[in-house]
Amino acid sequence: MSSMKCTTTLVSCAIFQTKIGWCAVVATGKAVLRIVIGFSEREQLLKQILKEFGSAIEKKPARMSITGEMKQYFSGKEVFLNCAMDWSSLSPFQQKVYKAAMKVPYGTVDTYGNLARRIGCPKGARAVGGALAKNPFPLVVPCHRIVRGDGSLGGFSARGGSVLKKKLLRLERVNRRFKG
DNA sequence: AACCCGCCCAACT
DNA sequence: AGTTGGGCGGGTT
């Protein structure tokens with residue numbers, strides 16, 4: 001259990017509905033702590049956030065530019081999603097993986113194995129998958145663009161699973177069809 | 001240190 | 001399409 005940032009820093013939360021379900025951005029004044037996507041029920045999303053951040057959550061929603069960019073993204077526009085993120089609790093390996101994943105362009109896919117090779121860990125495909133499974137910043141760190149080397153889709157740990165992964169790739173007009 | 005697990009992969013059957 | 005053993009990072013005893 002990693003120690004969470006439960007100091008007196010106020011943590012705000014924006015919740016909004018999209019075509020792929022209820023989403024949320026949790027942030028301090030300085031950086032985004034967590035992005036949550038794909039909940040069909042607002043109530044469940046709230047529950048999840050409360051579980052992760054407890055009562056540190058500020059009730060009133062903050063306006064954050066990333067939420068606007070996400071809405072653009074869901075409308076089908078090709079946007080490069082980026083924001084200030086708090087990576088302080090991430091392992092060096094996770095940071096390397098996420099940095100590499102962010103270089104995979106909109107509308108394209110790459111494989112876990114390639115990503116592993118790119119960060120100098122040629123046999124670490126599975127470890128890369130493990131790191132992406134813990135991705136606190138879905139969409140901004142586009143782990144949905146990473147698929148398996150055998151031509152199948154691969155997993156997706158966010159709410160909605162691989163069904164959502166496929167939806168996101170279709171939204172980005174990735175035309176490839178996946179085995180499975 | 002040892003043990004498990006996972007968004008994997010290549011090489012099989 | 002399904003199985004197997006290897007490989008790697010991380011978390012848990």
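Definitions and limits used
Residues numbered from 1 in each chain as written. Chains lettered and ligands numbered in written order. Predicted model: local features only at pLDDT ≥ 70, side-chain atom pairs only at ≥ 80, totals over all residues. Heavy atoms only, no water. Pairing = 2+ DSSP bridges. Helix = DSSP H or I, 4+ residues; strand = E, 2+ residues; numbered from the N terminus. Axes fitted to C-alpha atoms, helices over the stretch in contact; angles between N-to-C directions. Contact = heavy atoms within 4.5 Å. Domains from an automatic or database assignment. Buried area = accessible area lost by both parts, 1.4 Å probe. Salt bridge = Lys/Arg side-chain N within 4 Å of Asp/Glu carboxyl O. Polar contact = N/O pair within 3.5 Å; in protein donor to acceptor, adjacent residues only side chain to side chain. Nonpolar A, V, L, I, M, F, W, Y, C, P; charged D, E, K, R; others polar. Buried < 20%, exposed > 50% of the residue type's maximum accessible area, 1.4 Å probe, protein only.

(A) Summary view of the sheet that holds strand β3 (residues 32-39). Strand order in the open sheet made by the three strands is β1-β2-β3, with antiparallel pairing throughout. Both edges of this open sheet fall to β1 (12-18) and β3, since each of them pairs with a single strand only. Taken over all neighbouring pairs, the strand axes of this sheet differ in orientation by 10° on average, direction set aside. Pairing of strand β2 (residues 21-27) with β3, which is carried by five bridges, proceeds in the antiparallel orientation. From the neighbouring strand, alanine 24 faces β3, where its bridge partner is valine 36. Contacts from helix α1 (residues 42-53) reach β1, β2 and β3 within the one sheet, and its direction differs from that of β3 by about 150°.

(B) Highlighting the domain arrangement of chain A. Here chain A is partitioned into domain 1 (12-74) and domain 2 (92-171). Placing the centre of domain 1 and that of domain 2 at their C-alpha centroids yields a distance of 21 Å. Between domain 1 and domain 2, the contact holds 14 residues from the first and 16 residues from the second. With both sides pooled, the region where domain 1 packs onto domain 2 buries about 1300 Å², and carbon together with sulfur makes up 73% of that total. Area buried by domain 1 at its contact with domain 2 is led by Ile35, Ile37 and Tyr73, which between them contribute 49% of it. Summed over the shared surface of domain 1 and domain 2, the result is zero salt bridges. At the junction of domain 1 with domain 2, the criterion picks out two residue pairs in polar contact (both at pLDDT 80 or more). Ranked by the residues each element gives to the side of domain 1 that touches domain 2, the list is headed by β3, at seven residues. Class assignment for the residues of the side of domain 1 that touches domain 2 results in ten nonpolar, two polar and two charged.

(C) Focus on the pattern of salt bridges. Evaluation of the coordinates by the stated rule reveals four salt bridges. Of the charged contacts in the structure, one is a salt bridge between arginine 34 and glutamate 52, with a shortest N-O distance of 2.8 Å. One end of the pair, arginine 34, is in strand β3; the other, glutamate 52, is in helix α1, with 18 residues separating them in the sequence. In this structure glutamate 52 comes out as buried when scored by relative accessible area, which is 19%.

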